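In case you want the letters, here they are:
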Amino acid sequence: MEFSREKRLKGRLAGDRRGDLYPHSLQFYLQPPTENISLAEFENFAIDRLKLLKVVENLGVSYVKGSDEYKSKLEREIRKLKFPYKALVEDDYDARRKDHISHFILRLAYCQSEDLRRWFIQQEMDLFRYRFNALTGDLVEKFLKYVNLSYGALTARSLPAVQSDERLQPLLNHLSHSYVGPDYSIQKNVGKISLEHIDALSVKSFPLCMRQLNKALHDNHHLRHGGRMQYGLFLKGIGLTLEQALQFWKFEFIKGKVDADKFDKGYAYSIRHNYGKEGKRTDYTPFSCMKIILSNPPSQGDYHGCPFRHSDPELLKQKLQSYKIPPTGITQVLELVKGMHYQLACQKYFQLTHDVDDIGFSLNHPNQYFAESQKLLSGGREVKKEPSEPESSQQKLSSQKSTNSCSIPTSSNTEADTELEGLDAYFTED
Ligand code: SF4
């Protein structure tokens, strides 16, 4: 595959040539593409396939694979993203081409580590299985004959060549750490949050990673660099102004070992930096889940990272118990963690803490978690509620004071609830 800055001339191939290239709607991806492709198309194809694979992952843990619901939801997504969805559609050259090229782009992006490789292969296998099962008997026979099932996966060996291409490597790195959605760099809620709301919000609407950072900040009156970046940018994303951020961090830090002067000289700079007021004046965007999960793992004394990825499962279990998640819910979360579905584990946590059985979005970003939570709590969207259990373990648990119980007010804190009522309105969709 070669890449060009020029826009590709569409429809270069005609008639039989197109048919020769992709005689089947299903592919075994035996040969990498050899045509020129523009960087814009490269990125668009990759992002669409990533979207598709994320849906495959999501459906795979939410429905029985192969069930009618699974199949119809997957087909809907495949059609929406314009990948080949029906084996018998004759002229779907563009869809087949997109399928072929996008598969190889993600192969490049996802062959860079064992974790990424495993995730990619799992989703591609599920996608392939779905498509294969949709073929008629005749087409299965034709397909197997055509692909002549003997091949070896070689993409990682192409990496050195690709890595020397300065245009592609950042793109590929970005893709494998990327998520598909807004980057929360534009804060429509700037200045709408009061600092005194943050603790209550951390219980009601922060994802576990941010709730953990908020608690660690209160407990230690300090966070190391990784935590300050992850949490600081998240807070910026939910609408804290620079002045508020300075006040917020200073208030906590000076309760610990840092005096006001040291804070102003040392830490204030990095906060202004996060807001693009220092250094290269980059307006930094809040971290996505993939970035948090895949880069800069926390070490001893750090509180950043994703608790579903980076916490010891036993500690995670204790934490969830202390947050009054019912035992069945904890088991479900831990199962997802075991299968390395960290974002889905977080979605399950959202479901359990918001008492809904369908969260209605695919989680990719901590700020998305916050925005969706606020939308839901403010009634901005209808979400189906789970039927309540005869005697819910959550109720039982909430009547016991857990030894691990954290000092942050719980969601039943009526004072905080009242305070937040007005705030919820700011997060409903325009
Ligand atoms: Fe945070 Fe994302 Fe991990 Fe959830 S999945 S805890 S939002 S990093």
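Side note on the overall build of the protein
- Along the backbone of the protein there are 21 helices and two strands.
- Counting every position in the protein, which comprises 430 residues, the buried fraction comes to 47%.
- Carbon together with sulfur atoms contributes 50% to the accessible area of the protein, which is approximately 22300 Å² in total.

Re the pattern of salt bridges
- Inspection of every chain in the model, using the stated rule, returns 17 salt bridges.
- In this structure, Asp126 engages Arg129 in a salt bridge whose closest nitrogen and oxygen atoms are separated by 2.8 Å. Here the residue Asp126 and the residue Arg129 both occupy positions in helix α5 (residues 114-133), the gap between them amounting to three residues, near one helical turn.
- Glu372 serves as the salt-bridge partner of Lys375, at 3.5 Å between the closest nitrogen and oxygen. Remark: Glu372 and Lys375 occur in helix α19 (residues 366-377); sequence separation between them is three residues, near one turn of the helix.

Considering the site of the ligand
- Close to the ligand lie Pro207, Cys209, Cys289, Ile292, Cys306, Pro307, Phe308, Gln343, Cys346, Leu363 and Pro366, which account for all nearby residues.
- Secondary-structure elements contributing two or more residues to the shell around the ligand are α14 (289-294), α15 (307-310) and α18 (342-354).
- Residue composition of the shell around the ligand, grouped by class: 10 nonpolar, one polar and no charged.

A closer look at the nonpolar core
- Counting residues in each nonpolar core, the largest one holds 57 residues, and the members touching the most others are Phe206, Tyr231, Leu235, Trp249 and Phe308.
- The element contributing the most residues to this core is α18, with seven residues.
- Ignoring sequence-local partners within four residues, the contact set of Phe206 consists of Ile198, Leu201, Arg211, Tyr231, Phe234, Leu235, Ile238, Tyr349, Tyr369 and Phe370.
- Leu59, Leu74, Leu106 and Leu116 belong to the second-largest nonpolar core, a separate cluster that totals 25 residues.

A short note on the packing of helix α16 (residues 313-322) against helix α17 (residues 327-338)
- Across the interface, α16 lies against α17 with an axial gap of 10 Å and an inter-helix angle of 150°. Here α17 runs roughly antiparallel to α16, going by the angle between their axes. You can see that α16 and α17 cross each other, and the crossing is right-handed. Within the contact between the two elements, α16 uses Pro313, Leu316, Lys317, Leu320 and Gln321 and α17 uses Ile330, Val333, Leu334 and Val337.
- Each residue belonging to the contact of α16 with α17 can be placed in one class, and the counts come to seven nonpolar, one polar and one charged.

Rules used throughout
- Residues numbered from 1 in each chain as written.
- Predicted model: local features only at pLDDT ≥ 70, side-chain atom pairs only at ≥ 80, totals over all residues.
- Heavy atoms only, no water.
- Helix = DSSP H or I, 4+ residues; strand = E, 2+ residues; numbered from the N terminus.
- Buried < 20%, exposed > 50% of the residue type's maximum accessible area, 1.4 Å probe, protein only.
- Areas by Shrake-Rupley, 256 points an atom, 1.4 Å probe, with all protein chains shown as cover.
- Salt bridge = Lys/Arg side-chain N within 4 Å of Asp/Glu carboxyl O.
- Near = heavy atom within 4 Å.
- Nonpolar A, V, L, I, M, F, W, Y, C, P; charged D, E, K, R; others polar.
- Core = buried A, V, L, I, M, F, W, Y, C linked by side-chain atoms within 4.5 Å.
- Contact = heavy atoms within 4.5 Å.
- Axes fitted to C-alpha atoms, helices over the stretch in contact; angles between N-to-C directions.
- Parallel < 35°, antiparallel > 145°, perpendicular 65-115°, else oblique.
- Left-handed = near helix turned anticlockwise from the far one by under 90°.

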